[in-house]
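# Inside the fold
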Amino acid sequence: DTEVTQTPKHLVMGMTNKKSLKCEQHMGHRAMYWYKQKAKKPPELMFVYSYEKLSINESVPSRFSPECPNSSLLNLHLHALQPEDSALYLCASSHPKTSGSIYEQYFGPGTRLTVT
Amino acid sequence: DAKTTQPNSMESNEEEPVHLPCNHSTISGTDYIHWYRQLPSQGPEYVIHGLTSNVNNRMASLAIAEDRKSSTLILHRATLRDAAVYYCILRDYGTYKYIFGTGTRLKVLA
């Protein structure tokens, strides 16, 4: 199974709502990632978890709160978002980095978020 | 972070080879060259990666210039299913960070 699943596929939320995006993989990967992708732009890295610990936070606003409750699951909690946060949110996973190793990332299909 | 530059778009006829160029003049010795592609309405998918030598896999070939300042992704026979945005990415082997370039939108003509 080389699949990364993301739910929901689409989400519309108001600026005062709280919602969560969910990502799941069963490939035994211990590194998981959140990316944000605006229309016709490349994905931008937001967060990286390695062995369930936050490894990279690319100066993302605190209205985005990641969580990695176990090695298969990654959540992104959303609160008080702005309309400019509307985008495709992609989750990815990979084997964790070791010295000299390179492992490809497997991406999910994304959650398309609209903030109204 | 080292950056890559790619043409915005390219066209190819079906069944013909496609050469997608990428410039990375600021590449460092520990940067690997990765290629991913993103089909419409999907997340990116891995295509190929290399460090110094040319690489082949079932999807494509990667030709790396001797000075490593540029590379070319080669699709040997383009099909309609290869229509996608192709991203050339440099990644230091010591980091998780992928910095995606702007990508090349490949259009395949029947």
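A brief structural summary. It should be emphasised that the depicted structure is a prediction, and the values quoted were computed from it without experimental measurement. Here, residues in each chain are numbered from 1, in the same order as that chain's written sequence. For this description, chains carry letters from A and ligands carry numbers from 1, given in the order in which they are written. Where local features are concerned, this predicted model is filtered to residues with pLDDT of at least 70; where side-chain atom pairs are given and counted, the filter is 80 or more; whole-chain, interface and lining totals use all residues. By convention in this description, side-chain values take in all heavy atoms of the structure and omit both hydrogens and water.

## As for the sheet that holds strand 3 (residues 18–25) of chain A
Residue and element names in this part refer to chain A. Operational definition: Note: two strands are recorded as paired if DSSP finds a minimum of 2 bridges between them. Elements are defined by DSSP. Helices are runs of H or I of four residues or more, strands are runs of E of two residues or more, and each kind is numbered from the N terminus. Angles here are taken between N-to-C directions and fall from 0 to 180 degrees, while the axes themselves are lines fitted to C-alpha atoms, restricted in helices to the stretch in contact.
Strand order in the open sheet made by the 4 strands is 1-3-8-7, with antiparallel pairing throughout. This sheet does not close on itself; its edge strands, each paired only once, are strand 1 (4–7) and strand 7 (64–70). The mean angle between the axes of side-by-side strands here comes to 20 degrees, regardless of whether they run parallel or antiparallel. Pairing of strand 3 with strand 8 (residues 73–79) involves 7 bridges; the strand directions are antiparallel. Paired with Lys19 across the two strands is Leu78, which belongs to strand 8.

## A few points about the interface of chain A and chain B
Many analyses report the size of an interface as the accessible area lost when the parts associate. Applicable threshold: Contacts are residue-level and defined by heavy atoms, with any inter-residue pair within 4.5 Å sufficient. Note on terms: buried area is the combined drop in 1.4 Å-probe accessible area of two parts once they are placed together, counting the loss on both. Note on definitions: salt bridges are taken to be side-chain nitrogens of Lys or Arg within 4 Å of carboxyl oxygens of Asp or Glu. Identification of polar contacts relies on pairs of N or O atoms within 3.5 Å, with a donor-acceptor requirement for protein atoms, meaning one able to donate a hydrogen and the other able to accept it, and with residues adjacent in sequence counted only if both atoms are side-chain atoms.
Of the residues lining the interface, 27 residues belong to chain A; the matching set on chain B comes to 20 residues. Between chain A and chain B lies a buried interface of about 1,900 Å² when both sides are counted; carbon and sulfur atoms form 61% of it. At the surface where chain A touches chain B, the tally comes to 1 salt bridge. Across the salt bridge formed by Lys97(B) and Glu58(A), the nearest N and O atoms sit 3.2 Å from each other. Our enumeration of links across chain A and chain B arrives at 5 residue pairs in polar contact (both at pLDDT 80 or more). For the side of chain A that touches chain B, the secondary-structure elements that each account for two or more residues are strand 4 (31–37), strand 5 (44–50), strand 6 (53–57) and strand 9 (87–94) of chain A.

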